[in-house]
Every structure is written in C-alpha cells, then in structure tokens.
Amino acid sequence: DDEGGFSHLVELCNGCGTCRETDSGVMCPTYRASEEEIQATRGRANMLRAAISGELAEEELYSERFQSEVLDLCVGCKGCASDCPTGVDLAKLKAEVKHRYHEEKGAGLRERLFANIDRLSALGSATAPLSNWATRLPGSRALLERTLGIAAGRELPTFQRETLENWFEARGRCRLAPNEARDQVVLFPDTYTNYSEPGPGKATVEVLEAAGVFVRIPDELGPSGRAAYSKGFLDVAREQARQNVHALAPYVEDGWSVVFVEPSDAVMFQDEYGDLLSGESVLRVGAAAYGVCEYLDTRGFDADLELREVSGSLTYHGHCNQKATNKDHHAANVLRRAGYVVDHLDSGCCGMAGSFGYEAEHFSMSKAIGRILFDQVDESPGDRVVAPGASCRTQLDDHYDQKPPTPIETLERALR
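What comes next concerns the included structure. (Residues numbered from 1 in each chain as written. Predicted model: local features only at pLDDT ≥ 70, side-chain atom pairs only at ≥ 80, totals over all residues. Heavy atoms only, no water.)

1. Quick notes on the sheet that holds strand S4 (residues 289-291)
Within a sheet, neighbouring strands are paired by backbone hydrogen bonds and run either parallel or antiparallel to one another.
And step 1. Strand order in the open sheet formed by four strands is S2-S1-S3-S4, and the pairing between neighbours is parallel. Looking at which strands have only one partner, the edges of the open sheet turn out to be strand S2 (213-216) and S4. Strand-to-strand twist in this sheet, taken as the mean axis angle between neighbours without regard to direction, amounts to 35°.
And step 2. Relative to S4, strand S3 (residues 257-260) is paired through three bridges, and the arrangement is parallel. If you follow Phe260 over to S4, its bridge partner there is Gly291. (Pairing = 2+ DSSP bridges. Helix = DSSP H or I, 4+ residues; strand = E, 2+ residues; numbered from the N terminus. Axes fitted to C-alpha atoms, helices over the stretch in contact; angles between N-to-C directions.)

Okay, here's the thing in structure tokens:
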C-alpha cells in the first residue's frame, strides 16, 4: 500500500538496467552470477508486469516453472530497494506472489519447515546432542536431499543444549543494576543465535554491560517473522510481528531500545513490520530497533569502553539487508574506533540468503554468488574476516573451513 499497490510497484521498473551492473553495490546477486536477463531485477519485474497486464496467463504465474525459474531465484537481499534508481522492491513483490501462490496451490513440507524454523530449532536444541548426531549418520544428508530437497553438500546447523536465554537466566540475567545504567535495552533472542550459536549473543550482553547498558531478554518474545516472510507466509509473519510489537511496545514507551544480534531480524523490525502491520506502536518499535553495532555507534557508547590495545587489520563483509537500508557502516565505525584497520568490502549478498543456500536446486547458484564474495575477500589486505550475518558466516565457513567471528565478538575480545 505504501508504494501505491502491487501494480504500481511493478511499474516502477523503467528498464534502465542498473540491476545488470556487476562492479559495485548490492543488486542483483543472481544476475552477477548467471548474467541472464531473467535473473536480473528487470527481468523479474517484466515477467510480473506481463502477468498483471494479462500478457501472461494466470495459470502461468502459478506454474512451477514461473515460481522456480523466476521468483525462487530472487534471494531477497533487498538490494534493489536501495540500488534501483526507482526503488523497485523485488523482495516485497516476491513475498506477495508467494503468499498468493500458497493460497492457490498450497505449500510443500520443506517450505513449511523453513518458514517455521524456530520450532524445528527449539526441538533440535531440546534434544541436542542427539539431534546433531542424527544429521551426521552415514547417508542421512543424502536422504534429506532425496526426501526434502535439502542440499547434501551443505553443512547443516548444529544445535546447542544451552540456549542464549538459558545462559542469560543462569548467569543471573544482567549484572548491572537498572539505576546504575546509562540506558536500557531489550536484547532480541533470534532463532539462530538462541538455539544454534549463542556466542555472538553472549558477546553482545558483555559489551553492552561494559558500556553501562542494562540488558533484558523478556520471555514473551517470539520469532521475528523473517523466515516466514521470506517464504511468503505473510499471515504467519504478521502474527509473529503482532506478538513482538505487543510485547515490546511498553518497553519502547518507557524509553527502552531493542537490540539485535542478527542483521536480517533487525531489518525485519525496521522495515517489513511497517508493511505487515499498521499503528503508532509499530512505528515506534521499528524506530527503536537497532543492530547491536548500529546501537553502539549511534549512541556513541563504544567510545567509553575500556579496551586493550589491538593490532592487525580486518576484512569486513556487511549484511546485504543492512546495506540495503544504509546501516552496514556502523560495525566498521565501531571496529575502527577500537583500533582496527578495517577494509569495508563493497560486497553484495553472500549467496546463502537464509534457507536459499540449503535448497538442493539452488545450491550451485548459491555457490556461484558466493565465489564473487570469496574473490573480494582474497583480494582484501585484511588479516581476518568479520561478518555479522549468520548466513554470511556459514557461506564463508563452507569455503574457508573457518567461520569468521561477528564484529561484536571481535569487540568483546578486545575488552580489558
């Protein structure tokens, strides 16, 4: 509605071909890897324009070919929303069409699993380490590819028995008294950080406390809705957004901020929540949402941290969702103030893009997009790579056999 309706957003594409540029910016990662017009934002927009004008039959719009060869190869990086001169937001258009497709044709098991990955992750965490052993049994990954279409060549996430929320509760929650704090924040326990990799979440708590910030993780928060949104389950994403806004609105009213470890979840609150819901509370919660380095940089709180002297240079790969919303520079600013020399890559999507890189039919495309990033990393003068996104670090880990730390973990290690 904010863009004047579905057809108006499609018509914003004027055919200039900026999405076919391959030397800078975020968009369009699939075109950069394939150099095929249909994989550019312009190609997809033209197909959608043909559909809404009647040139393309409605049954073709809902055909498996259109869904798999046109829409599903959009990785949802949001780069077109910022890099396209007219602001064509293909990720939003894709979500709308996929939602309608589910209403017309239903959804497969794999799509439902990925859309509700929080439930699967909670189960995996509760049954760890057994759940981790199960995916390492001989033949198990080949079976997953045959039955669910999950790429056998991709390492699956592992689950931690002690979640971030468990750890925070066991340590006695925040060690800083509220009346001693300079600010108060809610830390959002995103699905991946909470169940699979609590380390960056723990580092966030330690750094925020060192900066004099009181931290709370409320029990009533749910998934951000990013997973459901990216798969076109807009009703599910809307309900998850409504739950979180309801839980967070009282904190925001009292002057609290909401801080995120995972960039895509932060951007979900900052951007997509305004599309899914209406009302002042939605806008206020979105305005109070920050990635952790964005929060530190915006407030200047990192300048007061007691840090040891650091050395070396870092290669920083920012998250595409943050690049698309002009928020990926904050981590580089924080790391530079900590004393690091930072090479901030002009990189696009890593190619993992949440569940995209796990899907068997997209595995080769995911790797092809990733190679563009790998070449940039190899040419960078940085000694070490840092990246905030879980997907980005997974892609880099698969290539270099070493998962890079997040910026907030790098900062936490520099604390005295």
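2. Comments concerning the sheet that holds strand S5 (residues 313-316)
And step 1. The three strands lie next to each other as S6-S5-S7, forming an open sheet whose pairing is parallel. Each having just a single partner strand, strand S6 (341-344) and strand S7 (384-386) make up the two edges of the open sheet. Each adjacent strand pair in this sheet contributes to an overall mean axis angle of 30°, direction not counted.
And step 2. Here S5 runs beside S7; their pairing, made up of three bridges, is parallel. Bridge pairing links Leu314 to Arg384 in S7.

3. Notes on the packing of helix H5 (residues 64-71) against helix H7 (residues 90-105)
And step 1. Running from amino to carboxyl end, H5 crosses H7 at an angle of 155°, the nearest separation of the two axes being 12 Å. For the element pair H5 / H7, the angle class is roughly antiparallel. In this structure, the crossing between H5 and H7 has a hand that is left-handed. Along its contact with H5, which presents Glu64, Gln67 and Leu71, the element H7 presents Lys94, Val97, Lys98 and Tyr101.
And step 2. Of the residues that constitute the contact of H5 with H7, the class distribution is three nonpolar, one polar and three charged. (Parallel < 35°, antiparallel > 145°, perpendicular 65-115°, else oblique. Left-handed = near helix turned anticlockwise from the far one by under 90°. Contact = heavy atoms within 4.5 Å. Nonpolar A, V, L, I, M, F, W, Y, C, P; charged D, E, K, R; others polar.)

4. Some details on the pattern of salt bridges
And step 1. By the definition in use, this model includes 29 salt bridges.
And step 2. Here Glu111 makes a salt bridge to Lys98, at a shortest N to O gap of 3.7 Å. Here the residue Glu111 occupies a position in helix H8 (residues 109-115), and Lys98 occupies one in helix H7, the gap between them amounting to 13 residues.
And step 3. Judged by its relative accessible area of 16%, Glu111 falls in the buried class.
And step 4. Residue class for Lys98 comes out buried when judged on its relative accessible area of 4%. (Salt bridge = Lys/Arg side-chain N within 4 Å of Asp/Glu carboxyl O. Buried < 20%, exposed > 50% of the residue type's maximum accessible area, 1.4 Å probe, protein only.)

5. As for the packing of aromatic side chains
Each pair of aromatic rings is reported with the distance of its centres and the angle of its planes.
And step 1. One pass over the structure, following the stated rule, counts nine aromatic pairs.
And step 2. Ring geometry for Phe188 and Phe260: centres 5.1 Å apart, planes at 35°, overall tilted. One end of the pair, Phe188, is in strand S1 (residues 183-188); the other, Phe260, is in strand S3, with 72 residues separating them in the sequence. Like Phe260, Phe188 is buried.
And step 3. A ring pair is formed by Phe188 and Phe269, whose centres lie 5.3 Å apart and whose planes are at 70°; its orientation type is edge-to-face. With Phe188 in strand S1 and Phe269 in helix H17 (residues 263-276), this pair connects stretches of sequence that are 81 residues apart. The pair Phe188 / Phe269 is uniform in exposure class, with both members buried.
And step 4. A cation over an aromatic ring shows up here: Lys98 above the ring of Tyr101, its NZ or CZ 5.2 Å from the ring centre. (Phe/Tyr/Trp six-rings, centres within 6.5 Å; stacked < 30°, edge-to-face > 60°. Lys NZ or Arg CZ within 6 Å of the ring centre and 35° of its normal.)

6. What to know about H17
And step 1. Along its 14 residues, H17 runs 19 Å from first to last C-alpha, staying within 8% of the 20 Å computed at 1.5 Å per residue.
And step 2. Where H17 bends most, at Phe269, the angle is about 40°.
And step 3. When you tally the buried positions in H17, you get ten out of 14 residues, the bulk of the element.
And step 4. Along H17, the positions that sit buried rather than exposed are Pro263, Ser264, Asp265, Ala266, Val267, Met268, Phe269, Glu272, Tyr273 and Leu276. (Expected span 1.5 Å × (residues − 1). Bend = angle between axes of the 7 residues up to and from the residue.)

7. Description of empty space enclosed by the protein
And step 1. What the rule picks out here adds up to five cavities of 30 Å³ or more.
And step 2. The calculated volume of the largest cavity comes to roughly 110 Å³.
And step 3. For the largest cavity, the lining is made up of 16 residues, of which Val292, Cys293, Gln322, Ala331 and Pro388 are closest to its centre.
And step 4. A per-element tally of the lining of the largest cavity places helix H19 (residues 292-299) first, with three residues.
And step 5. Residue composition of the lining of the largest cavity, grouped by class: ten nonpolar, three polar and three charged.
And step 6. Lining the second largest cavity we find 13 residues, and of these Cys28, Pro29, Cys74, Cys77 and Cys80 sit closest to its centre.
And step 7. Contributions of two or more residues to the lining of the second largest cavity are made by helix H2 (29-34) and helix H3 (41-53).
And step 8. When the residues that make up the lining of the second largest cavity are grouped by side-chain class, the tally is eight nonpolar, three polar and two charged. (1 Å grid on protein atoms, 1.4 Å probe; cavity = no way out; pocket = protein on both sides within 12 Å on 5 of 7 lines; lining within 4 Å. Points joined across faces, edges and corners; volume = space filled by probe spheres on them.)

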